[in-house]
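Coordinate inspection notes
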Amino acid sequence: MTTIPRGSSAATGSGEPFPDGFLWGVAASSYQIEGAVAEDGRGPSIWDTFSHTPGAVAGGDTGDVACDHYHRWPEDLDLMAELGVMSYRFSVAWPRVMPDGRGVNQAGLDFYRRLVDGLLDRGIRPLMTLYHWDLPQSLDVGDAGGWLSREVPDRFVDFALVLGKELGDRVPAITTLNEPWCSAYLGYASGEHAPGRTESSLAYRAAHHLNLAHGRAVSALRGVLPQGADLSVSLNLHQVQAASDRPEDRAAAEHVDLIANRVFLDPMFGDGYSAELRAGTAGLTDWSFVHAGDEAEIAVALDSVGVNFYNPSRVRAAGGEPGRPFPGTDRACFVDIPGPHTVMGWPIVPSALTDLLLRVQRDVGLPIEVTENGLGARDVVESGAVHDPDRIDYLRRHLAAVLEARRRGAEVRGYHVWTLLDNFEWAWGYDKRFGLVHVDFADQRRTPKDSALWYADVIRRNAL
Ligand code: FCB
């Protein structure tokens, strides 16, 4: 077992306290860490298929083994406990529990029961994500399969109900979808994610079916979960900036806010897709896949909202010089934000997290948990240690941004670092590392990085 030295952190900071009861967490997802893709009856997911498609993932990497967390989970939970982590956001591999999207695989369910009990034994709150992108492959057949199909929301309700009935007595917090924007727009418009489709119009149909799956699952879960269960969704809202004050760039930023943010916020927290969204996407989709009554089904009451944040996005009107198009539209292109970037090429702008949290507080008005935030780097082990000052700096500044949002009225009650372990980073494979703990993928050795020690110290002091 890896042991974290106590009190050895180089923590410095303003000493600014977080409120009592603030939930310090880490987040992860099934396909990125579990491995054991063909064990104990697990069926294939769209990410197994996608990662085995030549050219889809950097280096030809797959999640076949990943961090072998399926076998090493007790050690990984011990690591969390040693850090003092209070909340673990994990996801359930749908095809482990329902190998072909229908019918229950008891062995798969038992894994999550052991995991949840292991968390509770260590005093860690399980925050269970139902869908972090690993759709059973058998639900993605043909051109209209996957999230293009109106049947998939019903299968998602079946899946949610199995987990609610079997684990709802011991899982106090459930978040339905992780970043439905990625599922819809990277999965169906840009093709960077599974199932790798590349037609802008498809993203809107997928987004609607994800919204419907969310709303229906929440309603179904209310019927089986104990009173007090906390239901949420985890969104990666885009903190969008216009590249200039030119009217066309400002219009592009508003367009992106509609198609990337309000396409989820309006139906989930308001009363349906807005007239502006429908007008703004007129050339892209006719919204005929929205049936009477769907919007009412999506607008369910939630208990909290999860915010995932890494960086803001700056956009300009498309046309003129070529640029990277914003997924799902031909009207906006990304523009780089000057200043420091991570190795992912993502700009580091902590104040954008404050702005985003304040916007969510204003638009949604529910308690907020930051369900993901972290920095990807190419960390290396040197004499048994991993020095990652950039990650510490990134986390410290984003936590300061959380405090600032709280001071200005955002009810942020928890924060989860993405992530505990270096893992399979989707289309980037294993090259970019986000963990507080380094993983040697040759022998699965775990080495806590300096940031892990720093985070443990922040948690212990409940202060920056
Ligand atoms: C988010 C994903 C998460 C991880 C981080 C870096 O978009 O939810 O699985 O890949 O990015």
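To be clear, the structure that these remarks concern was listed above.
These notes cover the structure that comes with them. Nothing here was measured: the structure is a model prediction, and the numbers come from that model.

Some thoughts on the layout of surface pockets
For the largest pocket, the calculated volume is near 850 Å³. Along its surface, the largest pocket is lined by 38 residues, and Trp181, Asn311, Arg324, Trp346 and Trp428 are the ones closest to its centre. Among the secondary structure elements, those contributing two or more residues to the lining of the largest pocket are helix H7 (180-188), strand S8 (313-317) and strand S9 (332-335). Per-element accounting of the lining of the largest pocket gives the leading share, three residues, to H7. Of the residues assigned to the lining of the largest pocket, the class counts are 20 nonpolar, eleven polar and seven charged. When its volume is computed, the second largest pocket comes out at roughly 160 Å³.

So, the sheet that holds strand S6 (residues 240-242)
Pairing in this open sheet of three strands is mixed, and the strands run S6-S8-S9 from one edge to the other. In this open sheet, the two strands that pair with only one neighbour each are S6 and S9. On average, adjacent strands in this sheet sit at an angle of 45 degrees to one another, irrespective of strand direction. Where S8 lies against S9, four bridges are found, and the strand directions are antiparallel. The residue of S9 that forms the bridge with Arg316 is Cys333. The strands touched by helix H9 (residues 247-269) within the sheet are S6, S8 and S9, with S8 carrying the most contacts at an inclination of about 125 degrees.

Points about the pairing of strand S1 (residues 23-27)
The buried fraction of S1 amounts to five of the five residues, a majority that puts the element mostly inside the structure. By the alternation rule, side chains of S1 split into Leu23, Gly25 and Ala27 and Trp24 and Val26, which are all buried. Sheet topology note: the S1/strand S11 (residues 412-418) ladder contains five bridges and is parallel. Among the inter-strand pairings, Gly25 is bridged to a residue of S11, identified as His416.

Some words on the nonpolar core
Counting 154 residues, the largest nonpolar core has Trp47, Trp94, Tyr131, Trp147, Phe156 and Leu357 as its most contacted members. In terms of residue count, the dominant contributor to this core is helix H8 (residues 200-222) (eleven residues). Aside from chain neighbours lying at most four places away, what touches Tyr131 is Ile46, Trp94, Trp147, Phe156, Thr176, Leu177, Asn178, Ser183 and Leu210.

Some details on the environment of Ala203
Mapped onto the elements, Ala203 comes out in helix H8. Along the chain, Ala203 and Gly328 lie 125 residues apart, while their C-alpha atoms are 6.3 Å from each other. Residues within four places of Ala203 in sequence aside, it is in contact with Ala184, Tyr185, Tyr188 and Ala189.

Some remarks on the packing of helix H6 (residues 152-167) against H8
At a minimum axis distance of 8 Å, the contact between H6 and H8 shows a crossing angle of 35 degrees. Seen along the crossing, H6 lies across H8 with a hand that is right-handed. Residue-level inspection shows Pro153, Asp154, Phe156, Val157, Ala160, Leu161 and Gly164 of H6 in contact with H8, the latter providing His209, Leu212, Ala213, Arg216, Ala217, Ala220 and Leu221. Partitioned by chemical class, the residues of the contact of H6 with H8 number ten nonpolar, two polar and two charged.

Overview of the pattern of salt bridges
Tallying each qualifying case throughout the model produces 40 salt bridges. The partner of Arg72 in a salt bridge is Asp68, and the shortest N-O contact between them spans 2.9 Å. Under the relative-accessibility criterion, Asp68 is labelled buried at 14%. For Asp363, the salt bridge identified is with Arg359, shortest N-O distance 2.7 Å. Placement of the pair is Asp363 and Arg359 together in helix H12 (residues 350-364), with a separation of four residues, close to one helical turn.

What to know about the site of the ligand
The immediate surroundings of the ligand are formed by Gln32, His132, Trp133, Asn178, Glu179, Tyr310, Glu372, Trp418, Glu425, Trp426 and Phe434. At 2.9 Å from an oxygen atom of the ligand is found a side-chain nitrogen or oxygen belonging to Asn178. Taking Glu372, its side chain carries an N or O atom lying 2.9 Å from an oxygen atom of the ligand. For the ligand, whose accessible area on its own is 290 Å², the fraction buried by protein is 94%. Of the pockets mapped on this structure, the ligand occupies the largest pocket.

Rules of the game
Residues numbered from 1 in each chain as written. Predicted model: local features only at pLDDT ≥ 70, side-chain atom pairs only at ≥ 80, totals over all residues. Heavy atoms only, no water. 1 Å grid on protein atoms, 1.4 Å probe; cavity = no way out; pocket = protein on both sides within 12 Å on 5 of 7 lines; lining within 4 Å. Points joined across faces, edges and corners; volume = space filled by probe spheres on them. Helix = DSSP H or I, 4+ residues; strand = E, 2+ residues; numbered from the N terminus. Nonpolar A, V, L, I, M, F, W, Y, C, P; charged D, E, K, R; others polar. Pairing = 2+ DSSP bridges. Axes fitted to C-alpha atoms, helices over the stretch in contact; angles between N-to-C directions. Contact = heavy atoms within 4.5 Å. Buried < 20%, exposed > 50% of the residue type's maximum accessible area, 1.4 Å probe, protein only. Core = buried A, V, L, I, M, F, W, Y, C linked by side-chain atoms within 4.5 Å. Left-handed = near helix turned anticlockwise from the far one by under 90°. Salt bridge = Lys/Arg side-chain N within 4 Å of Asp/Glu carboxyl O. Near = heavy atom within 4 Å. Polar contact = N/O pair within 3.5 Å; in protein donor to acceptor, adjacent residues only side chain to side chain. Areas by Shrake-Rupley, 256 points an atom, 1.4 Å probe, with all protein chains shown as cover. Sits in = over half its atoms within 2 Å of the grid points.

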